Amino acid sequence: MRYFYIGKFKIEPEKNKVSLPKAEFRLEPRVMAILCYLVEHSGQVLTKDKILTALWPNQTLEPELVTKAVFEIRKILNDNPKSPQFIETIPRKGYVFIGRIESKTRKLKISSLLLVGIFICALILLFLHKNAQQSEINLVNLTTKKTIRHSSDGEIGSISVNNRDQLLFTHKEHALSKLYLHDNKTLNNTLLETHPSKIKGLFSSGDSDYIINCDDACSVVKRSKNSVTPLITLNERIVKLSVSPNEKWLALQTTKYNRHNVVLISLQEKDHKFFYLPHDGSEKHPIFANNESLYYISQTADRKTYLASYNIVSGKTTTKPLPIDRVGSLSLYSGSKFVISGRYKGQYALWLMALDSLSLSVLANIDPQQKVTGVAVDTKNKTIHYAIQNRPITIQSKGALSIKIEHPSLNLDGLYLANSNDFIFSSNRSGSYEVWLESDGQQSKLTEISASYIHTIKVDNTENLIAISYTKDKTKHIAIYSLLNNTIMSDITIKNDSYLLNFNHTSTHLFISQRATRNYDLVSLNIENETQSKLALNAGITAISDQDGVYFYSFNKHALVYQTHLGKTITLFDFSDKALNIRANSIKLTTNGFFYLSKIDTNQVISFYDFDLKISKPLFMLNHSQFVTDFGFIDSNPYIIFDEDKDVTSQIISLEVIN
């Protein structure tokens, strides 16, 4: 027997499955392992540290992992922590399994079932333990001393360390951006500057601090003890910067044509000559190792990630493939080692990376809802400072719908299924991104794609199929999932610069916006044979079809147009005088008109244009922290669904490597 029962719930550890007669839930392997360990030690009070040490002896994991796992188990088992039936919390101690394993349909004794359940769980735990031992070869956990230097509400976006044992950091809250000086000895903070949404990044070198300020354009200023000197101004978004030790060179990460570039600027000449480093995709996170060598992360169009090194004297670039994806930061630790944040084999962490061998050591694990926003290394004291944001994202609605999906993780892309009155959304609560279903207050996981990110989800007209655009192993896919059969019917590999827009009206094709040289073209993808045909040049954002033609947004005309199968094009609505939010969910077409998202100051306005009446009516207003994912009508009453991350908190943490 490879399963057992807890109350009315059938537990299948080998399949990571919990089921009822009419419902089925999937648990992540780590969550199932924790459930099994609690069952195996029924009646014993187990601390979080004891659980983690027993299950993963060779990994450094945060106790919060156990908290989240118990939360997930309780939710599926419908176990109220205030009056528990299965798992009881012992304050300041841990958890104890108090439930009974029982059956209403089997003749086996309860004691026999308990032994079977424990035996199966023991096998699972043994398997996990062996895997942990095997992974020790690649993942070496360093011993570190951890100090939380500063905690606050709002966003800490960038940090830097100067040569006076002080940290500088930017803090944004309520649209105000502030620059602080933090004394590492006294732990006191001193406010230096305040700007409305202006300070975007900083870097310290010697006695000077270099600061990115952005309004309509972005500029870099040099802040010394008694003066502030403007250096450059660009009509591009400047994201990050680095300065050579001799302060003769400035490297910037900029955004242009929706791609990240590294720009090298000479500070020795008055006109500050600059040039873009050669690139084949996206270049990020520049950092000087010395006066001649600039390192940065290079990601090619096929999502392969490299550590690139540019020699200023020779002008040559060399690259090494990186084992890490979703890189969030890169900083120099010593002459041959870097501190890098990102994901390796499904594990998000702050890593110490040796340059020669590209070997990795774990400095600190990063939870799914956390994001490293800045790293600064005190090379003199060999101390690593990093800023981290805790950004749980909830799904909410306004208007004719009332929905709120909360979880200590990232929950995105909420969509309403009108036929079943259910919701689907993506979430990384299990460590990787999956599609989840909310039905009658119960949440269950639909997919097992283990995505590093889900870009968008689209539903066909019948609400029988969903298309999921996601990235896994640095490759972009579109999966077609059947809601009738609860299975993935097909999985199509697409170009990384392609964006899923919609199903066509017959659910046989998908509309995709695919990058050309400097624009995006509208492409139709045949789901069955995976062939493509180009429908329109420089088009995207939205697409929907009927039997006579296709509606889409034209970038050339800045308008919503209708193109018949005979090639005739009709302009339906001109957006030239509107501050349209140019992104995938800016426009949603219906048979009677379309929703669109525009900007007024820092707010977002959702309006509906009626094809018959030829009038536009504003419906909802949202703030800048709310991201719309779906619009619609229920009995002529409008609704919107949106993501929100209003409860952002941040910390600055210092790590001293002991060994």
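Since the structure is predicted, the reported quantities are computational estimates derived from the model, not experimental observations.

Counting secondary structure elements, the protein chain contains 4 helices and 55 strands. A burial count over the protein chain gives 54% of its 659 residues as buried. Considering only contacts within the protein chain whose residues lie at least 6 apart along the sequence, 38% involve residues at least 24 apart. For the protein chain, the exposed area adds up to about 30600 Å²; of that, 49% sits on carbon and sulfur atoms.

Scanning the entire structure with this criterion turns up 9 salt bridges. In this structure, Glu247 and Lys222 form a salt bridge, with 3.8 Å as the shortest nitrogen-oxygen distance. On the criterion of sequence distance, the pair formed by Glu247 in the loop between β17 (237-243) and β18 (249-256) and Lys222 in strand β15 (residues 218-223) is long-range, its members being 25 residues apart. Given a relative accessible area of 22%, Glu247 falls into the partly exposed group. The class for Lys222 is partly exposed, based on a relative accessible area of 25%. Across the pair Asp521 and Lys534 runs a salt bridge whose closest N-O atoms are separated by 3.3 Å. Within this pair, whereas Asp521 is found in strand β43 (residues 520-526), its partner Lys534 is found in strand β44 (residues 532-536), the two being separated by 13 residues in sequence. Given the relative accessible area of 6%, Asp521 is considered buried.

Now for the sheet that holds strand β54 (residues 637-644). Pairing is antiparallel across the open sheet formed by 4 strands, whose spatial order is β32-β31-β54-β53. At either margin of the open sheet sits one strand with a lone partner, and together these are β32 (404-405) and β53 (626-634). Here 6 bridges tie strand β31 (residues 394-399) to β54, and the two strands are oriented antiparallel to one another. Each bridged residue has a counterpart across the sheet, and for Gly399 the counterpart in β54 is Tyr639.

Right, let's talk about the nonpolar core for a bit. If you look at the biggest cluster of nonpolar residues, it comprises 35 residues, and the most contacted ones within it are Val220, Leu250, Leu252 and Ile340. With residues near it in sequence (within four places) discarded, Leu252 still touches Val220, Ile232, Leu234, Ile238, Lys240, Leu241, Asn261, Val262, Val263, Ile265 and Pro286. If you look at the next biggest cluster of nonpolar residues, it comprises 33 residues, including Ala33, Leu35, Leu61 and Val70.

Here the protein chain shows a mean pLDDT of 83. Residues at 70 or above account for 89%. Within the protein chain, strand β38 (residues 465-472) carries the highest mean pLDDT (93), whereas helix α4 (residues 110-135) carries the lowest (49). Between residues 103-114, whose pLDDT stays under 50, and residues either more than four places distant or in other chains, the model counts 13 contacts. A low-confidence stretch, residues 130-138 (pLDDT under 50), is modelled with 9 contacts involving residues beyond four sequence positions or located in other chains.

So, on to the pairing of strand β23 (residues 305-311). Most of β23 is tucked away, with 5 of its 7 residues classed as buried. By the bridge criterion, 7 bridges tie strand β22 (residues 293-300) to β23 in an arrangement that is antiparallel. From the neighbouring strand, Leu294 faces β23, where its bridge partner is Tyr310. Two elements, β23 and strand β24 (residues 317-321), share 5 bridges in a ladder whose sense is antiparallel. Note that in β24 the partner of Tyr310 across the bridge is Thr317. Counting the residues that bridge the hairpin from β23 to β24 gives 5 residues, and of these Gly315 lies at a positive phi of roughly 75 degrees.

Conventions adopted
- Residues numbered from 1 in each chain as written.
- Predicted model: local features only at pLDDT ≥ 70, side-chain atom pairs only at ≥ 80, totals over all residues.
- Heavy atoms only, no water.
- Helix = DSSP H or I, 4+ residues; strand = E, 2+ residues; numbered from the N terminus.
- Buried < 20%, exposed > 50% of the residue type's maximum accessible area, 1.4 Å probe, protein only.
- Contact = heavy atoms within 4.5 Å.
- Areas by Shrake-Rupley, 256 points an atom, 1.4 Å probe, with all protein chains shown as cover.
- Salt bridge = Lys/Arg side-chain N within 4 Å of Asp/Glu carboxyl O.
- Pairing = 2+ DSSP bridges.
- Core = buried A, V, L, I, M, F, W, Y, C linked by side-chain atoms within 4.5 Å.
- pLDDT = per-residue confidence, 0-100.

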